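Survey of secondary and tertiary structure
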Amino acid sequence: NAGVTQTPKFQVLKTGQSMTLQCAQDMNHEYMSWYRQDPGMGLRLIHYSVGAGITDQGEVPNGYNVSRSTTEDFPLRLLSAAPSQTSVYFCASSQDGTGGSYNEQFFGPGTRLTVL
Amino acid sequence: AQSVTQPDIHITVSEGASLELRCNYSYGATPYLFWYVQSPGQGLQLLLKYFSGDTLVQGIKGFEAEFKRSQSSFNLRKPSVHWSDAAEYFCAVGDDYKLSFGAGTTVTVRA
């Protein structure tokens, strides 16, 4: 199993450009999530999904869109990038959520995004 | 609203010494609590978690944490630190679908 994979590893954008960060998992997990990590702020939840076709907002959703058409994939879209979106982005997945003793979130390696 | 405070930004500890990382949380009900570790340039790995029951939780790599409801704390401990424990550690609190992370504590291990 590859686990949780993210592409690209690094990306530089100009302000106003759009792009999609890819996330895929091969563990048949229903729950997937996106976080951004900024120095001194830990990880903050952007969006999450509890299954194909179901998404919801996290703590910092503005400027980001998501969709979940398959169980395996959960892409994160930046429609018009801003310098404030410079960050490291992590995707994670778990069986069906963050609660319950059986659930464990597995994190991808991250995408480092710079917006100029 | 749920939140987590990790009071120590950076801790330096000698190899073989004990380690304790502090975590205080704010949550309306009985929380789910987690500790994660992040090595440089890597994603996060779960060390341990608390959902209910025994307030002393054992995790991987020799770590343990104690839930103290009266103090709203979930401190992480390790009796004897190894050089490979140098990393950033995050405490998190959450419910069934959302986690809130603390700002992290960076641990440096000196020989």
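Preceding block: the structure.
Keep in mind it's a predicted model, so treat the numbers as computed, not measured. (Residues numbered from 1 in each chain as written. Chains lettered and ligands numbered in written order. Predicted model: local features only at pLDDT ≥ 70, side-chain atom pairs only at ≥ 80, totals over all residues. Heavy atoms only, no water.)

1. What about the pairing of strand β6 (residues 44-50) of chain B?
Regular strands show a simple pattern: their side chains alternate between the two faces of the sheet. Residue and element names in this part refer to chain B. Using the following cut-off: With a 1.4 Å probe rolled over the protein chains alone, any residue whose accessible area is under 20% of its type maximum counts as buried; one over 50% counts as exposed, and the rest are partly exposed. Strands here are runs of E lasting at least two residues and helices are runs of H or I lasting at least four, both read from the DSSP assignment and numbered beginning at the N terminus. A pair of strands is considered paired only if DSSP assigns at least 2 bridges between the two.
Taken across its seven residues, β6 has six buried, putting it largely inside the fold. Pairing analysis gives six bridges linking strand β5 (residues 32-38) to β6, with the strands arranged antiparallel. Residue W35 lies in a different strand from β6, and its bridge partner there is L48.

2. Regarding the sheet that holds strand β8 (residues 76-78) of chain A
All names here are of chain A. The cut-off we apply is this: What counts as an axis is a line fitted to C-alpha atoms, over the stretch in contact for a helix, and the angles between N-to-C directions run from 0 to 180 degrees.
Across the sheet, four strands lie side by side as β1-β3-β8-β7; this open sheet has antiparallel pairing. One side of each edge strand has no neighbouring strand; the edge strands of this open sheet are β1 (4-7) and β7 (64-66). Neighbour to neighbour, the strand axes of the sheet diverge by 20° on average, direction disregarded. Summarising the sheet, β1 and strand β3 (residues 19-25) pair through four bridges and their orientation is antiparallel.

3. Considering the pairing of strand β9 (residues 73-78) of chain B
All names here are of chain B. Of all six residues that make up β9, five are buried, and the element is covered over most of its length. The sheet contact formed by strand β8 (residues 64-68) and β9 spans five bridges and is antiparallel. Pairing of E64 across the sheet is with R77, part of β9. In this structure, the hairpin formed by β8 and β9 is closed by a connection of four residues, where S72 is found at a positive phi of approximately 50°.

4. Comments concerning the nonpolar core
Which entries qualify depends on this criterion: Here, the term nonpolar core denotes a set of buried Ala, Val, Leu, Ile, Met, Phe, Trp, Tyr and Cys residues that are joined through side-chain atoms within 4.5 Å. Any two residues whose heavy atoms approach within 4.5 Å at even a single point are treated as in contact.
Counting residues in each nonpolar core, the largest one holds 26 residues, and the members touching the most others are W35, L48, F74, L76 and Y89 of chain B. Elements that contribute at least two residues to this core include exactly β2 (10-14), β3 (19-21), β5, β6, β8, β9, β10 (87-94) and β12 (105-110) of chain B. With four residues, the top contributor of residues to this core is β10 of chain B. Once residues within four sequence positions are removed from consideration, Y89 of chain B is found in contact with Q6, L21, W35, Y36, V37, L47, F63, L76, G104, T105 and V107 of chain B. Core analysis: the second largest hydrophobic core is formed by 19 residues, W34, F74, L76 and Y89 of chain A among them.

5. Considering the pattern of salt bridges
All names here are of chain B. What counts, and what does not: The working definition used for a salt bridge is a side-chain nitrogen of Lys or Arg within 4 Å of a carboxyl oxygen of Asp or Glu.
Per the counting criterion, the structure on display carries six salt bridges over all chains. One salt bridge connects R22 with D8, and the closest N-O pair in it is separated by 2.9 Å. You can see R22 sitting in the loop between β3 and β4 (24-26) and its partner D8 sitting in the loop between β1 (3-5) and β2, a full 14 residues away along the chain. For R22, a relative accessible area of 37% puts it in the partly exposed group. Notably, a salt bridge pairs D85 with K78, separated by 2.8 Å at the nearest N-O pair.

6. Overview of the side chain of K78 of chain B
All names here are of chain B. With respect to the helices and strands, the residue K78 is situated in strand β9. Here K78 falls in the buried class, since its relative accessible area comes to 11%. The contacts of K78, once residues within four sequence positions are left out, are A17, S18, L19, K61, G62, F63 and D85.

7. Some points on the packing of aromatic side chains
So the rule is basically this: Only the six-membered ring of Trp is used, alongside the rings of Phe and Tyr, when aromatic pairs are assigned; centres must lie within 6.5 Å, and planes under 30 degrees apart are stacked while those over 60 apart are edge-to-face, with the rest tilted.
Overall, the coordinates contain 15 aromatic pairs over all chains when judged by the stated rule. Ring centres 5.5 Å apart and planes at 90° place the aromatic pair Y35 of chain A and F101 of chain B in the edge-to-face group. Of this pair, Y35 of chain A sits in strand β4 (residues 31-38) while F101 of chain B sits in strand β11 (residues 99-101), which puts the two residues in different chains. Judged by its relative accessible area of 8%, F101 of chain B falls in the buried class. Here F107 of chain A and Y36 of chain B contribute two aromatic rings whose centre-to-centre distance is 5.5 Å and whose plane-to-plane angle is 80°, an arrangement assigned as edge-to-face.

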